[in-house]
Amino acid sequence: MDRIRIRGGKPLKGSIQIGGAKNAALPLMAASLLTSETLCLSNLPHLADITTMVHLLSELGVEVSMNGDAPGGGHIGRVFGLNAHEPADKTAPYDLVRRMRASVLVLGPLLARWGEAKVSLPGGCAIGTRPVDLHLKGFEALGAEIELEEGYIRAVAPNGLKGAHVLFPSVSVGATENILMAATLAEGTTTIANAAREPEIADLAYCLQAMGAEIDGIGTDTLTVTGKPSLHAANYQVIPDRIETATYAVAAAITGGDITLKGTRLELIDAVADVLVKAGVEVSESEDGIRVTRTNGRIKGVDVMTEPYPGFPTDMQAQLMALLAVSEGASMITETIFENRFMHVPELCRMGADINVHGSSAIVRGVEKLSGAELMATDLRASVSLVLAALAAEGETIVNRVYHLDRGYERVEEKLAACGADIERLED
Ligand code: UD1
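Conventions and cut-offs
Residues numbered from 1 in each chain as written. Predicted model: local features only at pLDDT ≥ 70, side-chain atom pairs only at ≥ 80, totals over all residues. Heavy atoms only, no water. Near = heavy atom within 4 Å. Polar contact = N/O pair within 3.5 Å; in protein donor to acceptor, adjacent residues only side chain to side chain. Areas by Shrake-Rupley, 256 points an atom, 1.4 Å probe, with all protein chains shown as cover. Helix = DSSP H or I, 4+ residues; strand = E, 2+ residues; numbered from the N terminus. Nonpolar A, V, L, I, M, F, W, Y, C, P; charged D, E, K, R; others polar. 1 Å grid on protein atoms, 1.4 Å probe; cavity = no way out; pocket = protein on both sides within 12 Å on 5 of 7 lines; lining within 4 Å. Points joined across faces, edges and corners; volume = space filled by probe spheres on them. Axes fitted to C-alpha atoms, helices over the stretch in contact; angles between N-to-C directions. Parallel < 35°, antiparallel > 145°, perpendicular 65-115°, else oblique. Contact = heavy atoms within 4.5 Å. Pairing = 2+ DSSP bridges. Salt bridge = Lys/Arg side-chain N within 4 Å of Asp/Glu carboxyl O. Buried < 20%, exposed > 50% of the residue type's maximum accessible area, 1.4 Å probe, protein only.

(A) Focus on the site of the ligand. Residues in close proximity to the ligand total 18 residues, the closest being Asp-133, Leu-134, Ser-172, Asp-315 and Ile-337. The separation between an oxygen atom of the ligand and a polar side-chain atom of Asn-23 is 3.0 Å. Within the side chain of Asp-315, a nitrogen or oxygen atom sits 2.6 Å from an oxygen atom of the ligand. Taking 740 Å² as the accessible area of the ligand by itself, protein coverage stands at 84%. Where the shell around the ligand is concerned, the elements lending two or more residues are α5 (133–141) and α6 (173–183). Here the element with the most residues in the shell around the ligand is α5; it accounts for three residues. For the shell around the ligand, the class distribution of residues is eight nonpolar, five polar and five charged.

(B) Structural detail: unusual backbone geometry. Residue Pro-310 follows Tyr-309 across a cis peptide bond; omega there is 10°. Of note, Pro-310 is situated in the loop between β18 (304–305) and α10 (317–324). Phi is positive for Asn-43, which is not a glycine, with a value near 60°. Positionally, Asn-43 belongs in strand β3 (residues 38–44). Of note, Arg-401 is a non-glycine position whose phi angle comes to about 60°, a positive value. Residue position: Arg-401 is located in the loop between β23 (396–400) and α13 (403–406).

(C) Quick look at empty space enclosed by the protein. Applying the stated criterion to the full structure yields four cavities of 30 Å³ or more. Its boundaries defined by the atoms lining it, the largest cavity holds a volume of some 50 Å³. Lining the largest cavity are Ala-196, Arg-197, Glu-198, Ile-201, Ala-202, Ala-205, Ile-218, Gly-219, Thr-220 and Leu-223. The dominant element in the lining of the largest cavity, judged by the number of residues it contributes, is helix α7 (residues 199–210), at three residues.

(D) Geometry of the packing of α6 against α7. One way to put it is that α6 packs onto α7 with a least axis distance of 10 Å and a crossing angle of 10°. Here α6 lies roughly parallel to α7, going by the angle between them. Seen from α6, the contacting residues are Val-173, Thr-176, Glu-177, Leu-180 and Met-181; seen from α7, they are Glu-200, Ile-201, Leu-204, Ala-205 and Leu-208. Grouping the amino acids of the contact of α6 with α7 by side-chain chemistry returns seven nonpolar, one polar and two charged.

(E) Broad picture of the layout of surface pockets. If you add up the space inside the second largest pocket, you get close to 210 Å³. Lining the second largest pocket we find Gly-9, Lys-10, Pro-11, Ile-254, Thr-255, Arg-294, Arg-298, Ile-299, Val-326, Glu-368, Lys-369 and Ala-392.

(F) Up close: the sheet that holds strand β10 (residues 165–167). Spatial ordering of the open sheet is given by β10-β11-β13-β12, a layout of four strands whose pairing is mixed. One side of each edge strand has no neighbouring strand; the edge strands of this open sheet are β10 and β12 (214–216). Ignoring strand direction, the axes of neighbouring strands in this sheet form an average angle of 15°. Across three bridges, β10 lies against strand β11 (residues 189–193) in parallel orientation.

(G) Here's a closer look at the pattern of salt bridges. Counted by the stated rule, this structure contains 23 salt bridges. The partner of Glu-413 in a salt bridge is Arg-425, with the nearest N and O atoms 2.8 Å apart. Taken together, the residues span a long stretch of sequence, with Glu-413 in helix α14 (residues 412–417) and Arg-425 in strand β24 (residues 422–426) at a distance of twelve residues. For the pair shown, Glu-413 and Arg-425 are each scored as buried. In the salt-bridge network here, residues are joined through shared partners; they are Asp-2, Asp-406, Glu-413 and Arg-425.

Written out as structure tokens, the structure is:
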């Protein structure tokens with residue numbers, strides 16, 4: 001298994017190209033199941049999760065053609081043509097769903113188009129129990145019958161889905177996406193209330209519109225969808241990855257560096273930028289993206305609570321904790337989205353951080369310096385938080401199990417090395 005070796009202490013300077021958003025790309029790829037015509041997606045990142053989705057869609061009979069790099073070349077992103085003419089199978093098997101929870105996003109499109117679908121239950125996950133009950137209640141509201149059998153969700157709608165009012169009792173990104181996709185082919189009008197408002201959902205809705213769907217309220221917590229008998233071909237470009245953007249912003253901040261993040265937009269990371277500014281980091285819009293610098297002394301402690309968008313994203317909690325671990329003063333980080341999302345804490349403490357977890361909150365007392373150590377990556381965002389901490393630490397850090405990183409960060413070591421980091425991948 002690959003490892004990453006980092007020798008810390010170098011301020012990062014330069015520019016980093018931000019890729020397309022993984023969490024937008026996955027539902028967009030699943031949306032290809034809604035039509036017999038080709039959905040052409042560009043600016044797709046090159047990540048393990050995208051490959052898993054390609055395998056899953058291929059298993060479901062989708063023809064995937066890779067059309068090389070997007071115009072502009074280099075590593076800007078890839079272009080895929082996805083054609084779901086006739087599904088070979090309507091089952092998402094355990095082996096793929098186990099590897100990536102977002103596999104459950106094929107359920108809505110399959111059910112809406114073919115009146116049946118079978119998807120393995122995702123099962124336990126490292127960052128909490130993460131059930132799919134909200135997805136299933138939404139499908140039932142649209143008239144589907146759901147059964148759980150032998151570890152699989154079996155959903156049928158023999159007479160097609162019917163538009164309905166779906167009120168989510170709590171906000172879920174995946175459930176909003178699944179019901180939104182299903183509603184585009186349901187008969188009549190569907191309203192989705194208490195919908196998640198993440199930019200990736202707006203991205204999905206705009207792509208569905210380009211495919212012929214009728215959707216109102218994009219960007220708000222109430223989406224109204226008027227079902228159509230069929231959708232059609234479209235070309236669509238995936239939005240920039242706001243979590244990758246914010247992660248490299250923290251890389252600049254934690255190393256006392258100066259990085260321009262290219263191909264991304266400040267408005268996508270508003271909540272993170274606010275926190276960084278409070279912590280003493282300079283964040284500004286530049287001609288081709290965002291410039292992040294820290295020149296004036298140590299980071300200041302800040303209290304932060306994760307919330308659904310537009311609040312502070314849970315997917316940035318671990319990275320921010322790494323930054324606050326070297327701040328002046330104390331910070332309280334409260335995680336409200338997932339239980340058990342503090343697995344990076346013991347690893348950061350092994351580097352000398354002073355962090356105590358009390359239920360869903362962590363008290364971070366800043367220390368002057370972290371020191372390098374041998375560490376174990378536990379999940380995607382936890383892994384990158386260890387890389388960030390290592391960039392600022394004294395001495396050498398080895399991060400094991402970096403396959404977690406490869407699920408969500410494209411060429412992380414190359415991007416950081418180009419800004420002056422002493423980082424390399426050790427291949428086994
Ligand atoms: C998506 C993101 C993930 C991010 C998360 C929250 C993708 C591919 N993944 O995950 O990176 O961390 O949003 O911003 O986009 N819940 C239920 N029942 C359900 C569904 C969810 O109780 O049926 C709970 C979850 O356990 C969690 C909360 O709702 O506590 C939010 O989860 P959700 O927004 O659904 O996250 P995902 O879509 O899985």
